[in-house]
Amino acid sequence: MLSTRRNTGITGYVAVGVAVFTLALGGCGGSGGGSKSGDTGSGSAPTSSATLTAAEVDQVGTVVTDSKGYVLYRFDEDSAKPTKVTCYGNCAKLWPAATTTDAKNVTVKGVDKKLVSTVERSDGTTQITLAGRPLYRYAKDDEPKEAHGQGVDGTWFAATPSGTKAQDGSGSSSNGY
């Protein structure tokens, strides 16, 4: 009787582990690039105000961070003139948009306010832009001033205070995995 109970417990743990693993893989489909699927979620809740700060980050130099110190990124598949957002669906889950509910409430520290604007996403949220390029966070950056998204797929780069790509020369791996 005891061995049957133990096997049932192990089977339960294995089933839970398989379910968790399956869910985790579901969120990793494809590359870290721009999914244009029907799901237009931005992956992040807009805040009423936002702060863009120039900060020194190991291995990438001076880049822009959000009010919590997380590195903000730009995506090469987006465009600056005119501003165009292409990261939706699964892409936006891995790369949540840097959003605000009020464009006038974006403050800056070490970033030229003239370069900061916003763009309306297809889901109605307001995404912050820098030099015309939409800004994003990377879901795999667990701590402030981490830049694990730098160079992912050769299309994602930390944004510098002038809106250009940060260059680290490390040749980051595809998909950020």
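Look up: the structure comes first, before these words.
Residues numbered from 1 in each chain as written. Predicted model: local features only at pLDDT ≥ 70, side-chain atom pairs only at ≥ 80, totals over all residues. Heavy atoms only, no water.

> Explain the sheet that holds strand S1 (residues 50-57) here, please?
Working definition: the strands of a sheet are paired by backbone hydrogen bonds and lie parallel or antiparallel to each other. Spatial strand order, S2-S1-S7: three strands in an open sheet with mixed pairing. On the outer flanks of this sheet lie strand S2 (61-65) and strand S7 (106-109), each paired with one strand and no other. Adjacent strand axes in the sheet meet at a mean angle of 20°, parallel and antiparallel pairs treated alike. (Pairing = 2+ DSSP bridges. Helix = DSSP H or I, 4+ residues; strand = E, 2+ residues; numbered from the N terminus. Axes fitted to C-alpha atoms, helices over the stretch in contact; angles between N-to-C directions.)

> For this particular structure, what's the right way to read the side chain of Thr125?
Mapped onto the elements, Thr125 comes out in the loop between strand S8 (116-120) and strand S9 (126-130). Residue class for Thr125 comes out buried when judged on its relative accessible area of 15%. Among the polar contacts listed, one links the side chain of Thr125 to the side chain of Asp123, at a separation of 2.7 Å. (Buried < 20%, exposed > 50% of the residue type's maximum accessible area, 1.4 Å probe, protein only. Polar contact = N/O pair within 3.5 Å; in protein donor to acceptor, adjacent residues only side chain to side chain.)

> Help me out: how do you make sense of unusual backbone geometry in this one?
Glycine aside, a negative phi is what most residues show, and trans is what most peptide bonds show. A cis amide bond, omega 0°, links Lys81 with the succeeding residue Pro82. Summarising the element assignment, Pro82 is placed in the loop between strand S4 (79-80) and strand S5 (83-84). Positive phi outside glycine occurs at Ala131, with the angle close to 55°. If you check the backbone angles, Lys145 has positive phi at about 65° while not being a glycine. Relative to the elements of secondary structure, Lys145 occurs in the loop between strand S10 (133-134) and strand S11 (156-158). Judged by its relative accessible area of 46%, Lys145 falls in the partly exposed class.

> Is there a simple way to think about the pairing of S9 in this case?
On a regular strand, each side chain points to the face opposite its neighbour's, so the side chains alternate between the two faces of the sheet. Burial runs high along S9: four of the five residues are buried. Note that strand S6 (residues 99-100) and S9 share two bridges and pair antiparallel. Looking across to S9, one finds that Thr100 is bridged to Thr126. Between S8 and S9, which pair antiparallel in sequence order, lie five residues; one of them, Gly124, sits at a positive phi of approximately 90°. Pairing of S9 with S10 involves two bridges; the strand directions are antiparallel. Of the residues in S10, the one forming a bridge with Thr129 is Pro134. Two successive antiparallel strands, S9 and S10, enclose a turn made up of two residues, where Ala131 displays a positive phi of approximately 55°.

> I tried to follow the nonpolar core on my own but got confused; where do I start?
The tendency in soluble globular proteins is for nonpolar side chains to be buried side by side. By size, the foremost hydrophobic cluster in this structure holds 22 residues, and its most contacted members are Val63, Val71, Tyr73, Cys87, Trp95, Tyr136 and Trp156. For this core, the secondary structure elements donating two or more residues are strand S3 (73-75), helix H2 (90-94) and S11. Among the elements that make up this core, the one with the highest residue count is H2 (three residues). One finds Ala50, Val106, Leu130 and Ala159 within the second-largest nonpolar core, a separate group that totals twelve residues. (Core = buried A, V, L, I, M, F, W, Y, C linked by side-chain atoms within 4.5 Å.)

> In this structure, what is going on with the state of the cysteines? I would like to understand it.
Where two cysteines share a covalent bond between their sulfur atoms, that bond is called a disulfide. A complete count under the given rule lists one disulfide for this structure. Paired by a disulfide, Cys87 and Cys91 hold their sulfur atoms 2.0 Å apart. Because the torsion about its S-S bond is -110°, the bridge between Cys87 and Cys91 counts as left-handed. (Disulfide = S-S within 2.5 Å.)

> Is there a simple way to explain the pattern of salt bridges in this structure?
Between side chains of opposite charge, a pair can form when the charged atoms approach closely. Applying the stated criterion to the full structure yields two salt bridges. Residue Asp76 pairs with Arg74 through a salt bridge whose shortest N-O separation is 3.9 Å. On the basis of relative accessibility, which here comes to 25%, the residue Asp76 falls in the partly exposed class. A residue is classified by how much of its surface remains accessible, and Arg74, at 8% relative accessible area, is buried. (Salt bridge = Lys/Arg side-chain N within 4 Å of Asp/Glu carboxyl O.)

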